[in-house]
Structures are given as structure tokens and as C-alpha cells.
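Residue-level structure breakdown
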Amino acid sequence: MFIDLETERLSLKCIGYDDAEFFYKQFSTDEVNQYLFDVEPCSSVEEAQKWIRFYLESEPRNQHRWIIVLKENGEKIGTCGFHCWNRETGEIEMGYDLQPSYWRKGYTSEALAAIMKFAAEKMKVKKIFAHISVDNIASIRTCEKMGFVKTGKQYYEEMHGKKYLHDIYCADLEGHFGFIACQNRE
Ligand SMILES: CC(C)(COP(=O)(O)OP(=O)(O)OC[C@H]1O[C@@H](n2cnc3c(N)ncnc32)[C@H](O)[C@@H]1OP(=O)(O)O)[C@@H](O)C(=O)NCCC(=O)NCCS
């Protein structure tokens, strides 16, 4: 059911095994990993392949990742996607990350508008959640721009001897915030 998507400046390509090198580069980049407290940094191309297998082959297929590609030169610059899709409740979680040299150019919000629209229209998702470290200002601003509102807080499981507090953000796609954000960003 998942397909490649396109925005004004970006191609969103469904992740494939040919993305293993980029996936490894992305999740071994310190700035990308700084606030990711649920998984360790990626340590090899082989490990990246395992992650890609998880995205593509684990059933039920409750997750998907797109590779964010710059149309102007074909460069892979980030990823975005969904996991923990609950088809009964219509709820899902969203993740996103960009190579640091491309930050603050509006690329992530452009990509998220497209995948949120896909989630609403094709997947019939009702609510999208994002769990964001309370110190991750860039991600909080990005979510707020997309119409997410803070709905709670949660400590993640301990990592490196510490429990990190996360804000839980939610976009209600059937309500005002999420949909206005999707439509305005197209
Ligand atoms: C979070 C992240 C994906 C944002 O990507 P981005 O492409 O720079 O985001 P955008 O350019 O679309 O910006 C979206 C909004 O957030 C704001 N923003 C982005 N980075 C910011 C920062 N460091 N400080 C304050 N605001 C910031 C932008 O100004 C913009 O709002 P505006 O249009 O009203 O000005 C990027 O910082 C990243 O890859 N971080 C590491 C991975 C990560 O933490 N992912 C999220 C895990 S929850």
C-alpha cells in the first residue's frame, strides 16, 4: 500500500535495500542521534540492512520509512515515516531526521506534509503521535508547525544509565490542527 511520494523540492522514495549505506550514514551521524533515546546509533551497513528488513518484511506491516531525496541533485538527505500503526484505533507514530547540512530549509516540514496527507487519505489514520525529547527544540518546533499539540509526557526506558523525559505530541487528522497543516503545506 505504500508508494513513492513527491513534493515541490523532494522525492520521498520508499526505503529499499539499496539505501543501506545511506541509512548507516544517517544513523551514525552524531547530530542526528543526539536526541534519539530509543535505539543505539547504527554501527554498520549490515545493521542498517537489518533495519531495512524490519521496515519491509516484518508482519503485520505496521511501519514504513521513506528516504528523503533532493530533486535538484538526487542526493539522499534524510528519512521519515511511521511505526506502531494500530489499524483498529487509527493511531500511528511518526519519525523524521535530516542530515545536519540541510537543517532549517523547510525540507522536513515539506516531507511531513506529504506523508501526513498520505496517512490521512490512504491509510485512514486518525491520530499521529510523536515522542520528542523535551530538549529537542528543533523537533518540537517542527511538530508544532505541522499542527501537533502536546498531550502528555513520558519517560523512556533507561538508556546509558538515564531515563529521558519525552513530550508526547499528537496531530488529530480529523480535527482542525493536523488537517489545516497538511493542506496549507501542499
Ligand atoms: C528535527 C529536524 C528533522 C528538523 O528538520 P528541519 O528540516 O530543519 O525542519 P524545518 O526546516 O522543516 O523546520 C520546521 C520548523 O522548525 C523550526 N526549527 C527547526 N530547527 C530549529 C531549531 N534548531 N531551533 C528552533 N526552531 C527550529 C523552523 O524554523 C521551522 O519553523 P518556521 O517555519 O515556523 O520557522 C532536524 O533538526 C533533525 O534531523 N534533527 C535530528 C533528528 C531528530 O531529532 N529527529 C526527531 C526525533 S523526535
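Residues numbered from 1 in each chain as written. Predicted model: local features only at pLDDT ≥ 70, side-chain atom pairs only at ≥ 80, totals over all residues. Heavy atoms only, no water.

**Some words on the site of the ligand**
Around the ligand, the structure places 20 residues, and the nearest of them are Tyr96, Arg104, Gly106, Ser109 and Lys145. At 3.4 Å, a backbone N or O of Lys105 approaches an oxygen atom of the ligand. Measuring from an oxygen atom of the ligand, one finds a side-chain N or O atom of Thr108 at 2.8 Å. In isolation the ligand exposes 930 Å². Once the protein is present, 78% of that is buried. Only α2 (30-33), β5 (91-98), α4 (107-121) and α5 (137-145) provide two or more residues apiece to the shell around the ligand. A breakdown of the residues in the shell around the ligand according to their chemical character gives seven nonpolar, seven polar and six charged. (Near = heavy atom within 4 Å. Polar contact = N/O pair within 3.5 Å; in protein donor to acceptor, adjacent residues only side chain to side chain. Areas by Shrake-Rupley, 256 points an atom, 1.4 Å probe, with all protein chains shown as cover. Helix = DSSP H or I, 4+ residues; strand = E, 2+ residues; numbered from the N terminus. Nonpolar A, V, L, I, M, F, W, Y, C, P; charged D, E, K, R; others polar.)

**Some remarks on α5**
By the burial criterion, the buried members of α5 are Ser139, Ile140, Thr142 and Cys143. For α5, the arc enclosing every buried residue in end-on projection is 160°, short of the 170-degree limit, so these residues lie on one face. If you follow the buried residues of α5, they end up packed against β5, α4, β6 (127-133) and β8 (165-172). (Buried < 20%, exposed > 50% of the residue type's maximum accessible area, 1.4 Å probe, protein only. Arc of directions from axis to C-beta. Contact = heavy atoms within 4.5 Å.)

**Description of unusual backbone geometry**
For the peptide bond that leads from Glu59 to Pro60, omega is 0°, which places it in the cis range. Not every positive phi belongs to a glycine, and Arg104 is a case in point at roughly 65°. If you trace the backbone, Arg104 turns up in the loop between β5 and α4.

**So, the nonpolar core**
In summary, soluble globular proteins display a tendency toward joint burial of nonpolar side chains. In this structure, Trp66, Ile128 and Phe148 are the most contacted members of the largest nonpolar core, which totals 39 residues. Those elements that place two or more of their residues in this core are β2 (10-14), β3 (64-70), β4 (76-86), β5, α4, β6, α5 and β8. Residues Ile15, Phe23, Cys42 and Ile52 belong to the second largest nonpolar core, which totals 12 residues. (Core = buried A, V, L, I, M, F, W, Y, C linked by side-chain atoms within 4.5 Å.)

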